Amino acid sequence: MKRVQFSHPYLPYLFLLPQMAVIFIFFYWPSAQAIQSSFYLEDPFGFGSTFVGINNYTDILSSSEYMRIAWFTVWFTVLVTFFSLSIGLLLAVKADAILKGASAYKTLLISVYAVAPPVAGLIGVMFFDQHIGPFVKFAALFGWDMRIGINYYDTAIAMITIAVWKQIPYNFIFFLSGLQGIPVSVREASAIDCRSGLRRFWTITLPLLSPTAFFLLIINMTYALFDTFGIVDTTVKDKAANNPITLVYKVYMDGFRGNDLGGSSAQSVILMIVVFVLTIFQFRFLERRVHYN
Amino acid sequence: MANIQIANVSKTYAGDIHAVKSVNIDIADGEFIVLVGPSGCGKSTLLRMIAGLETITSGTASIGGKIVNKVEPAERDIAMVFQNYALYPHMSVYANMAYGLKNRGTPKAEIDARVKEAVRMLELEPYLDRKPRALSGGQRQRVAMGRAIVRKPAAFLFDEPLSNLDAKLRVSMRGEIKQLQKRLGTTSLYVTHDQLEAMTLADRLVVLNRGEVEQIGTPLDVYHNPASTFVAGFIGSPAMNLVNVEITGQTIAFGDQTISVENRTLPQGKSTLGIRPEDLRLAQDGSGFAFHVDYIEELGAQRLVHGHASGTPLTVTLSSEVALPEDIRLSVLAEKLHFFSAETGKRITA
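Here the structure is a predicted model, which is why all the values come from computation and not from measurement.

What counts as what
- Residues numbered from 1 in each chain as written.
- Chains lettered and ligands numbered in written order.
- Predicted model: local features only at pLDDT ≥ 70, side-chain atom pairs only at ≥ 80, totals over all residues.
- Heavy atoms only, no water.
- Helix = DSSP H or I, 4+ residues; strand = E, 2+ residues; numbered from the N terminus.
- Buried < 20%, exposed > 50% of the residue type's maximum accessible area, 1.4 Å probe, protein only.
- Contact = heavy atoms within 4.5 Å.
- Areas by Shrake-Rupley, 256 points an atom, 1.4 Å probe, with all protein chains shown as cover.
- Lys, Arg positive; Asp, Glu negative; His and termini not counted.
- Charge placed at Lys NZ, Arg CZ, Asp CG, Glu CD.
- Salt bridge = Lys/Arg side-chain N within 4 Å of Asp/Glu carboxyl O.
- Polar contact = N/O pair within 3.5 Å; in protein donor to acceptor, adjacent residues only side chain to side chain.
- pLDDT = per-residue confidence, 0-100.
- Buried area = accessible area lost by both parts, 1.4 Å probe.
- Pairing = 2+ DSSP bridges.
- Axes fitted to C-alpha atoms, helices over the stretch in contact; angles between N-to-C directions.

**What about the overall build of chain A?**
In terms of helices and strands, chain A carries twelve helices and two strands. When its helices and strands are written in sequence order, chain A yields α-β-β-α-α-α-α-α-α-α-α-α-α-α. Summarising its shape, the C-alpha atoms of chain A cover approximately 75 × 75 × 30 Å along the three principal directions. The buried share of chain A, reckoned over its 293 residues, is 40%. Considering only contacts within chain A whose residues lie at least 6 apart along the sequence, 67% involve residues at least 24 apart. Of the roughly 17400 Å² that chain A leaves accessible, carbon and sulfur atoms contribute 70%. Within chain A, one finds 20 positive and 16 negative side-chain charges whose respective centroids are separated by 15 Å.

Have a look at this one:
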């Protein structure tokens, strides 16, 4: 490592300043504000606030609606993560095995990633549209009358499908580059040692992909928890009423639609804690099983 | 244990690139065959076709009498040692060796016994639980060997297994591979570009050039009776001197000098004369031909004298104990002269 000597002792801090300022203004400050306002009951018209202690938290945690949404968020996150990872991996393995036209195939798969989440949500909603949606028509062939925005489960399925669809290209890129990082001779050695391609995949390819998979697991969970906001919004079309929504969407609904800033802040603090715990868990328990080369 | 037959095997890549051209080799059970040639001569491709890692464009490869062209690599009953070892980085030394057996449904006790035996043979006992990244190059090479040995395959295939080791380790591993192969008696096919490695390891050498077999024979046979100018120049270090000559009667003329040879019939007309550096001698009292020294490489016991005679570059190996005279004249050993066709480069047998 090269050590740089600065003639002026404050110069390095000056270089760090922009980055620190961004983190402070967009992360620490709002976080501190959220924590503070989670202990207050804000007047909806902005005429002041009352300190209520942990009332906001007890209200949330004793609310059956909140628990229902929390459970949906758990299922949503697990399903979106599982399917977007496994389908992305499957496509990457298949693309990696292709010899002819590989680049065209890869470009087609990767290009979806360039679509912004709300646009993906919109396209997805069109796919599931009651009148023109091909998926709804396809489901109707099997006698399944899909009613997005009306039936809770149909909406949930559409939402998960769109969220998965949006995330597959991202996972595909990483898995593909991970696969191409596995030395050819190691694959060849395993071809001599093991006749079953499936078994080779489980015993050689997947363990060597584990650093990529671990990284993607964290990224995908974060995606499902937070970045799917746009997809949820377009799918439930602003009518959250009896539709499935995630916790992040509820923070928005309660804070900006319901004008319950204190309760909404408390919810985001809870989310912050959940993410914190999840991250520690992932690094402490999962990373041990990851093989870094 | 098995014999290997390579019959008319060719490999053609898209764009009409002929990597291997109609190669025939019969390998007896337990034989150590070395495929040697410059890079790009098709030796690795040939080995990989036998392993099943490349398809065979035409011809047949059989192992133990069974044609294996369409057989999966894992079912050919071969084990391969790769140049970069190709160990499984996430597995311990033990797991690396046991992997192939486990996939073949070998009982646990049997796997354990075989791995332990191989590990003892290769002196790897202290490293059983280590991952490959915690091993040195030489140790990794041994693990790769161990992985092949425990399988007890019909044949070992080696793809330049020593090229990634340093010079000293290469010499000692070379000896170990030779001993191990003799002890196990497993048919082996070994690819290298290093002619010294080829000479020391092989029961028989296969010299390849541009996808074609130039010569097959024992190392000494190839050394003493090279079949072509290519083999003559490739096998042996320093390389054999090759001189364009014209022969009339018993006189060999090159440049403006001549050599007279008795007790041997010579091919008449134009040809290429081959003579090894150690078969040239300092001539006594004005006989022989004139030689001008360009530079000298001292090797200790011997010295390599590089120079030219009538414009033809020549290398001579001389004892370090003999003082070099001012005007050097050289003579040849008549029985050590090799003649090659000036057109085809093939050996002329008188």
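**Here's the deal with the pattern of salt bridges**
As enumerated under the stated definition, the model contains 18 salt bridges over all chains in all. When the shortest N-O distance is used, the salt bridge between B:Glu176 and B:Arg142 registers 3.0 Å. Highlighted residues: B:Glu176 in helix H5 (residues 167–184) and B:Arg142 in helix H4 (residues 137–150), separated in sequence by 34 residues. The class for B:Glu176 is partly exposed, based on a relative accessible area of 28%. One salt-bridge network, held together by shared partners, links A:Glu188, B:Lys11, B:Arg48 and B:Glu54.

**What about the side chain of A:Asn243?**
Residue and element names in this part refer to chain A. With respect to the helices and strands, Asn243 occurs in the loop between helix H10 (229–236) and helix H11 (247–257). Looking at Asn243, the relative accessible area reads 7%, which means it is buried. Of the polar contacts made by the side chain of Asn243, one reaches the side chain of Thr155; its length is 3.5 Å. Residues contacting Asn243, with those up to four places away along its chain left out, are Gly149, Ile150, Tyr152, Thr155 and Val236.

**Some words on the confidence of the model for chain A**
Chain-level pLDDT for chain A is 85 on average; 95% of the residues reach the 70-or-more range. The secondary structure element of chain A with the lowest average pLDDT is helix H4 (residues 102–111) of chain A, at 78, and the one with the highest is helix H8 (residues 184–193) of chain A, at 92.

**What to know about the interface of chain A and chain B**
Counting from both sides, the interface comprises 19 residues of chain A and, opposite them, 24 residues of chain B. Between chain A and chain B, the buried area comes to about 1900 Å², and carbon and sulfur atoms account for 58% of it. Contact with chain B buries area across many residues of chain A, yet A:Glu188, A:Ile192 and A:Asp193 alone supply 36% of it, more than any other trio. At the boundary of chain A and chain B, one finds three salt bridges. The residue A:Arg195 makes a salt bridge to B:Glu75 at a minimum N-O spacing of 2.8 Å. Taken together, the connections running from chain A to chain B amount to 13 residue pairs in polar contact (both at pLDDT 80 or more). Put simply, the parts of the chain that give the side of chain A that touches chain B at least two residues each are H8 and helix H9 (197–227) of chain A. No other element matches H8(A), which puts eight residues into the side of chain A that touches chain B.

**Remarks on the sheet that holds strand S13 (residues 257–260) of chain B**
Note on sheets: strands pair through backbone hydrogen bonds, and any given pair is parallel or antiparallel. Residue and element names in this part refer to chain B. The sheet built from five strands is open, its strands ordered S13-S12-S11-S14-S20 with antiparallel pairing. Sheet topology places S13 and strand S20 (338–341) at the edges, where each strand pairs with a single neighbour. In this sheet, adjacent strand axes meet at a mean angle of 40° when their direction is disregarded. Summarising the sheet, strand S12 (residues 251–254) and S13 pair through four bridges and their orientation is antiparallel. Paired with Phe254 across the strands is Gln257, a residue of S13.

**Description of H8(A)**
A large share of H8(A) lies buried, amounting to eight of its ten residues. Residues A:Ser185, A:Val186, A:Glu188, A:Ala189, A:Ser190, A:Ala191, A:Ile192 and A:Asp193 constitute the buried set of H8(A). On its buried face, H8(A) is in contact with H9 of chain A together with helix H1 (43–51), strand S6 (78–81), helix H2 (93–103) and H4 of chain B.

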